Amino acid sequence: MIALIAWCLIKLYRMHTMLYTLKDHIIKINDSSFRQTEALLGLYKNLDFELALPHTRGFAASPDFLAVVHETIKQQSPKTVVECSSGLSTLIAAKTLQQLGAGHVYSLESDQYYCDQTRALLDKHKVSDWATVIHAPLIPTEINGVSYQWYDASALNELNNVDLMVIDGPFAGVNPLARYPAGPKLLPKLASDGEVLIDDYQRPDEKKMVKLWLEQFPNMDKQDVPCEKGCMRLINSAKSPAQGVVKVSGGEAAGRVAHG
């Protein structure tokens, strides 16, 4: 009888604990949803969108990260923005630059289908003059003896003094540390006071990637930005464009920035 009572008490305790855990999860989910709704409404208001925006869940950038992109551009007034992976972030960046009256976005996109989709999105919202979507297929890119599948970024060869970089691609499943090559390939192009915004920073690969970047580019300062999927801001504190110490090959043919 005592054993049965003890068993029932243990079960009741576990159920009680589970209910409180579930309650905490529900609160966190509701809080996150509310924050994303706030951020999305803020984007509609601040950028005067007349047409509906595409879906912002799943693989798409979350509204809070898009709000960070918008606020950063609004505060920094960059002349040149480079991003890895096109989409809604391209639209937000282009729309913000249009609002400021200066600047241009160059977006690397590996998939022709998504290139066309983003270009159509820019046309729909009448900001095509403020952004260039570059078809940049993934090609073997060797860094310190390791081969990665990364964008053919040769179209950016003559582009320097980039004020802002937005790293949200390629797709993480391409290979381990899929976005790491953006450091050796792009950070040397960053302006002396340029910034980098990295989405999905809650993932282990992105954390490891940033750690490696900071070892190779010690002039970069980091700032954790609260976002649903994690966000890291890197700020170049060098007096001249950031310099790396890694050997890179792949996609090095000279070329001018142009539509893919």
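A. Summary view of the pattern of salt bridges. Counting across every chain of the model gives seven salt bridges. Lys 211 is the partner of Glu 215 in a salt bridge, and the nearest nitrogen-oxygen pair spans 2.9 Å. Taken together, the residues Glu 215 and Lys 211, both in helix H6 (residues 204-216) and four residues apart, mark about one turn of the helix. We classify Lys 211 as exposed; its relative accessible area is 53%. One continuous salt-bridge network, built from bridges that share partners, spans Asp 168, Arg 179, Asp 200, Arg 203 and Glu 206.

B. Structural view of the packing of aromatic side chains. Under the definition given, this model contains four aromatic pairs. Judged by centre distance (6.1 Å) and plane angle (75°), the rings of Tyr 44 and Phe 49 are edge-to-face. Here the aromatic rings of Tyr 113 and Tyr 114 are separated by 5.2 Å at their centres, their planes lie at 75°, and the arrangement is edge-to-face.

C. Structural view of unusual backbone geometry. The amide bond that connects Gly 169 to the next residue, Pro 170, takes the cis arrangement and shows omega of 5°. With respect to the element layout, Pro 170 can be found in the loop between strand E6 (162-167) and helix H5 (182-186). We note that Asp 48 has phi near 55°; this positive angle belongs to a residue other than glycine. Among the structural elements, Asp 48 can be located in the loop between helix H1 (2-47) and helix H2 (63-76). With a phi angle near 65°, Asp 200 is a residue other than glycine that sits in the positive phi range. Here Asp 200 shows up in the loop between strand E7 (190-199) and H6. The class for Asp 200 is buried, based on a relative accessible area of 10%.

D. Molecular detail of the pairing of strand E3 (residues 131-135). In terms of burial, E3 is largely enclosed, as four of its five residues are buried. The sheet contact formed by strand E2 (residues 104-109) and E3 spans five bridges and is parallel. Note that in E3 the partner of Ser 107 across the bridge is Val 133. You can see the chain leave E2, run along helix H4 (residues 112-124) and come back into E3, and the turn it takes is right-handed.

Parameters at a glance
- Residues numbered from 1 in each chain as written.
- Predicted model: local features only at pLDDT ≥ 70, side-chain atom pairs only at ≥ 80, totals over all residues.
- Heavy atoms only, no water.
- Salt bridge = Lys/Arg side-chain N within 4 Å of Asp/Glu carboxyl O.
- Helix = DSSP H or I, 4+ residues; strand = E, 2+ residues; numbered from the N terminus.
- Buried < 20%, exposed > 50% of the residue type's maximum accessible area, 1.4 Å probe, protein only.
- Phe/Tyr/Trp six-rings, centres within 6.5 Å; stacked < 30°, edge-to-face > 60°.
- Pairing = 2+ DSSP bridges.
- Right-handed = clockwise from strand over helix to strand, strands pointing away.

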